[in-house]
Amino acid sequence: MMSVSPGMAPGQAGRYFSREDYYLRGIENEGSSHWFGRGARALGLEGPVTEESFRALCRGENPEGDRIVAPKLTRDRESGLLVETHRAGNDLTFSAPKSISIAYAAGVDQVREAHDSAVRSVLTHLEEHYSHYRTPEGLRCGGMVAAKFDHATSRNIDPQLHSHVFVVNAVHTGDGSWRANEPRAIFQDQKSLGLLYRQALARELSARGFEVEVRDRS
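On a predicted model such as this, the values are computed, not experimentally measured, just so you know. (Residues numbered from 1 in each chain as written. Predicted model: local features only at pLDDT ≥ 70, side-chain atom pairs only at ≥ 80, totals over all residues. Heavy atoms only, no water.)

A. Examining empty space enclosed by the protein more closely. Scanning the model with the defined rule gives 1 cavity of 30 Å³ or more in all. Quantified by volume, the largest cavity comes out at close to 50 Å³. As for the largest cavity, its lining consists of 13 residues, of which Tyr130, Ser131, Met144, Val167 and Asn181 are closest to the centre. When residues of the lining of the largest cavity are traced back to their parent elements, those giving at least two are β8 (143-153) and β9 (159-172). If one sorts the elements of the lining of the largest cavity by residue count, β9 sits on top with 4 residues. Its residues assigned to classes, the lining of the largest cavity shows 9 nonpolar, 3 polar and 1 charged. (1 Å grid on protein atoms, 1.4 Å probe; cavity = no way out; pocket = protein on both sides within 12 Å on 5 of 7 lines; lining within 4 Å. Points joined across faces, edges and corners; volume = space filled by probe spheres on them. Helix = DSSP H or I, 4+ residues; strand = E, 2+ residues; numbered from the N terminus. Nonpolar A, V, L, I, M, F, W, Y, C, P; charged D, E, K, R; others polar.)

What follows is the structure, encoded as structure tokens:
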């Protein structure tokens, strides 16, 4: 399945890197976080996610600290003053079925790789069809900036193989500039995107020699 969080403010997203934070508690090694997307590559971001770069992007800045996405001006209800607000991004969570999580916890080879490949397959689809930004002519797709964090347990320390993908509120456009992203279509198609992940996972497991049983839940 796939779930999507509401938009997060920079402070909320930045706290993913606090010592007690769930994102880091579930990470098993340095290879459990990765940058993804053409937008990330345009910023020179590849390999493991670092706290400094992640915090900067959540503020709407590039890793050097230069603003790439302008904040919005909203009026404070109490003071009536205009204040700057910025949506850091949205958290997409891809969760493997329980049987897959248990198999991974039991040390079955290739299960983690199948999950990872399935998530990356969906992320490629998301970048091609859902990495939207607004133009005077309507919505366009551009390069995604996403931070992928992999975990093997739930908050209760039960087996739960899943990946958090934080889609940053920044899209790299065709002319090389940056725009705020528009995630509405991701919310609208959340169920179908979750199904796409399940289908990709089944395909990846079959390719690795596992027998996959399809059950009708209707």
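B. Representation of unusual backbone geometry. One non-glycine residue, Gln110, lies in positive phi territory at about 75°. Relative to the elements of secondary structure, Gln110 occurs in the loop between α5 (98-105) and α6 (111-129). Relative accessible area serves as the criterion here: at 37%, Gln110 is assigned to the partly exposed category. (Buried < 20%, exposed > 50% of the residue type's maximum accessible area, 1.4 Å probe, protein only.)

C. Up close: the packing of aromatic side chains. Using the criterion set out here, one finds 3 aromatic pairs in the structure. Look at Phe54 and Phe149: their rings are 5.9 Å apart centre to centre, the planes differ by 85°, and that puts the pair in the edge-to-face class. Within this pair, whereas Phe54 is found in helix α4 (residues 51-58), its partner Phe149 is found in strand β8, the two being separated by 95 residues in sequence. No difference in accessibility class separates Phe54 from Phe149, as the two residues are buried. Seen from their ring centres, Phe54 and Phe166 are 5.4 Å apart, and the 70° between their planes marks the pair as edge-to-face. Of the two residues, Phe54 is situated in helix α4 and Phe166 in strand β9; the sequence distance between them amounts to 112 residues. Residue Phe54 is classed as buried on the basis of its relative accessible area of 0%. Residue Phe166 is classed as buried on the basis of its relative accessible area of 0%. Ring-pair connections join several aromatic residues into one group, and the members of that group are Phe54, Phe149 and Phe166. (Phe/Tyr/Trp six-rings, centres within 6.5 Å; stacked < 30°, edge-to-face > 60°.)

D. Spatial organisation of the pattern of salt bridges. On inspection of all chains with the given rule, the structure shows 10 salt bridges. Two residues, Asp150 and Lys148, come together in a salt bridge whose shortest N-O distance is 2.8 Å. For Asp150, a relative accessible area of 3% translates into the label buried. Assessed through its relative accessible area of 1%, Lys148 is described here as buried. Here Glu204 and Arg208 are joined by a salt bridge, their closest N and O atoms 2.7 Å apart. Glu204 sits in the buried class, given a relative accessible area of 18%. One network of salt bridges, with partners in common, ties together Arg112, Asp116, Arg120, Lys148 and Asp150. (Salt bridge = Lys/Arg side-chain N within 4 Å of Asp/Glu carboxyl O.)

E. The environment of Phe36, seen in detail. By secondary structure assignment, the location of Phe36 is in strand β2 (residues 33-36). We classify Phe36 as buried; its relative accessible area is 11%. Between the C-alpha atom of Phe36 and that of Gly143, which follows or precedes it by 107 residues, the distance is 9.8 Å.

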